[in-house]
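# Descriptive analysis of the structure
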Amino acid sequence: MAEEAVLGYLKNNDEIRDSGDFADERGIDHNEIVNVIKSLHGFRYVDAQDIKRETWVLTDEGNTYATLGSPEIQLILAIPPEGISRDELQKKLGPSVFKIGCSQAAKNKWVEMGKQLITKKGIGADDIKALKARKLIVPQTWKGYSVKKGPNYAPKRKKVVTDLTRDNLQSGEWKELEFKEYNYSAKGQPLEGGNLHPLLKVQSQIKQIFLCMGFEEMPTNNYVESSFWNFDSLFQPQQHPARDSHDTFFLETPSTTKELPEDYVQRVKQIHEFGGYESRGYAYDWKREEANKNLLRTHTTAVSSRMLYQLAQKPFSPKKYFSIDRVFRNEAVDRTHLAEFHHIEGLVCNRGLGLRDLIGVLYDFFSRLGMTKLKFKPAYNPYTEPSMEIFSYHEGFKKWVEVGNSGMFRPEMLRPMGLPEDVQVIAWGLSLERPTMIMYGIDNIRDLFGHKVDLGLIKKNSICQLGIE
Ligand code: FB9
């Protein structure tokens, strides 16, 4: 109806001067007329120009007074010609209307406030300023349109179609049709495909870095590990605090490992109890049942140990291995720590390697992550000597950030495996969550990993490109 009214009117008239008047004259809601004008303007049927008018509208309080009269008016009307006492007038009007009415009527000089008697005078012109100051009226901008025929004007809107079809071509109907203009800025349909988790994206890029450096991936598909491979084979003594259940998840079922290479186990027992290879050992009673305990691996170094043992069972050839997978620690969880997270580990096994080679491979690896300014701090690990913490200068944070740990596996670890005397292993490790959180600007690990992750983050996160591969 509104559309027919607008198009019909313009058939015989040049212009609708004021959409507000046009709507009122026809008893049509102005908003309906405005919506039709906007749509017809979009299709160039009409050419609409904005009109703006400043008007005043009553506030709620203003509306109350419009119904009952303002307090001053109520007061005036309540004063008889002979006047009235204050008390009677207050009783008649109530305290609030009496108070406001007196103050306004006196300000407008409508009444003479005798000691006892109040009489009325003539009322002056209405004062918009006073009403606005009392917040009884507020300004309002009325928006409407003046409307003329547009280049595509037709007395009746043509049917808008999106496709030229065999049917409307054959029938010739296409000549009467309005084709919707292409909207080149329209976004494509969102693809409801799968989305890679930021951790997996960073894991994949770091894997590429290792592969480009000639490293082979270690098989990490066993979260359950024996204490033997996770600790004993690394020369970590059985009384070490990290082996306590406060730091490690031990399994109830199956609580013990089924099979270990017995000859190797004896050599490990020997090195813990009595030393060897110029080491004094730890001089304690090493217990097999302790080594048999199953646990959730606390680091991927357990896998490195298995791989190096296997390497030692055949004629030596140099190797470069890496692993990126989940590890588990029975530690207090907080904003940046969970009980499970990911370790990244790299190792190089060759004859005659030294600290210089470790530092060299660390520069190569971290520079591919975009970290070129490194420094190293002496540290301690039970299974490496010397050991170094790795720091990188973060340009964004303007400070040095600890980015990992490293060292040379001890002879007490390598020799019982059977690796030749001149073979050394340099290794390093870091976490996957830390770089991912920094690169994606996530400060709470629960937003990244775990059952509270916002799936929107998985879908919406930006593409994150590491440094040079
Ligand atoms: O990842 C760590 N920090 C880090 C790494 C990258 C990074 O990138 C940003 C874009 C710039 C930012 C920060 N760290 C190691 C250092 C600290 O965060 C540390 O407080 C937490 N560490 C974890 C401890 O896990 C229980 C990170 C994890 C870690 C520490 C040591 C190793 C592995 C992971 C190791 C090892 C190792 C040593 C010698 C031989 C073999 C393995």
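Residues numbered from 1 in each chain as written. Predicted model: local features only at pLDDT ≥ 70, side-chain atom pairs only at ≥ 80, totals over all residues. Heavy atoms only, no water.

## Focus: the domain arrangement of the protein
Considered domain by domain, the protein is made up of domain 1 (2-57 + 141-175), domain 2 (60-135) and domain 3 (198-460). Centre-to-centre, using C-alpha coordinates, domain 2 lies 88 Å away from domain 3. (Domains from an automatic or database assignment.)

## A word on the nonpolar core
Judged by nonpolar contacts, the single largest core of 37 residues is most densely connected at Ile206, Phe365, Phe366 and Trp428. Residues contacting Phe365, with those up to four places away along its chain left out, are Ile206, Ile209, Phe210, Met213, Trp428 and Leu430. (Core = buried A, V, L, I, M, F, W, Y, C linked by side-chain atoms within 4.5 Å. Buried < 20%, exposed > 50% of the residue type's maximum accessible area, 1.4 Å probe, protein only. Contact = heavy atoms within 4.5 Å.)

## Points about the site of the ligand
Near the ligand lie 23 residues; those nearest to it are Arg329, His343, Glu402, Ser431 and Arg434. At a separation of 2.7 Å, an oxygen atom of the ligand approaches a polar backbone atom of Ser431. In the environment of the ligand, an oxygen atom lies 2.6 Å from a nitrogen or oxygen atom belonging to the side chain of Arg434. Its free accessible area being 850 Å², the ligand has 85% of it covered by the protein chains. Only β13 (340-351), β15 (384-394), β16 (399-409), β17 (423-431) and α17 (433-439) provide two or more residues apiece to the shell around the ligand. (Near = heavy atom within 4 Å. Polar contact = N/O pair within 3.5 Å; in protein donor to acceptor, adjacent residues only side chain to side chain. Areas by Shrake-Rupley, 256 points an atom, 1.4 Å probe, with all protein chains shown as cover. Helix = DSSP H or I, 4+ residues; strand = E, 2+ residues; numbered from the N terminus.)

## Some details on the packing of aromatic side chains
Scanning the model with the defined rule gives 20 aromatic pairs in all. Here the aromatic cluster, defined as three or more aromatic residues joined through ring pairs, consists of Phe210, Phe215, Phe322, Phe365, Phe366 and Trp428. Its end group placed over the ring of Phe22, Arg26 keeps NZ or CZ at 3.7 Å from the ring centre. Here the guanidinium or amino end of Lys373 rests over the ring plane of Tyr393, the centre of that ring lying 4.2 Å away. (Phe/Tyr/Trp six-rings, centres within 6.5 Å; stacked < 30°, edge-to-face > 60°. Lys NZ or Arg CZ within 6 Å of the ring centre and 35° of its normal.)

## Concerning a nonpolar patch on the surface
A grouping of Leu164, Leu169, Trp174 and Phe179 is seen on the molecular surface, where their side chains present a nonpolar patch of about 370 Å² in accessible area. Topologically, Leu164 is positioned in the loop between β7 (160-161) and α9 (166-171). (Patch = residues over 30% accessible without salt bridge, like charges linked within 9 Å, V, L, I, M, F, W, Y side chains within 5 Å. Salt bridge = Lys/Arg side-chain N within 4 Å of Asp/Glu carboxyl O.)

## Digging into the pattern of salt bridges
Counted under the stated rule, the structure contains 21 salt bridges. The partner of Glu412 in a salt bridge is Arg410, with the nearest N and O atoms 3.1 Å apart.

## Description of the pairing of β15
In terms of strand pairing, strand β14 (residues 374-381) meets β15 through seven bridges, oriented antiparallel. Bridge pairing links Asn381 to Thr384 in β15. Connecting β14 to the antiparallel partner β15 that follows it, the hairpin turn spans two residues. Where β15 meets β16, nine bridges bridge the pair, whose relative direction is antiparallel. Of the residues in β16, the one forming a bridge with Ile390 is Gly404. What sits between β15 and β16 in their antiparallel hairpin is a turn of four residues, with Lys398 showing a positive phi close to 55 degrees. (Pairing = 2+ DSSP bridges.)

## Topic: helix α7 (residues 95-107)
If you check α7, its first and last C-alpha atoms are 18 Å apart, about what 13 residues at 1.5 Å a residue would give, namely 18 Å. For α7, every residue scored as buried is listed here: Val97, Phe98, Gly101, Cys102, Gln104 and Ala105. Directly beyond the C-terminal end of α7, a positive phi value near 60 degrees is found at Lys109. (Expected span 1.5 Å × (residues − 1).)

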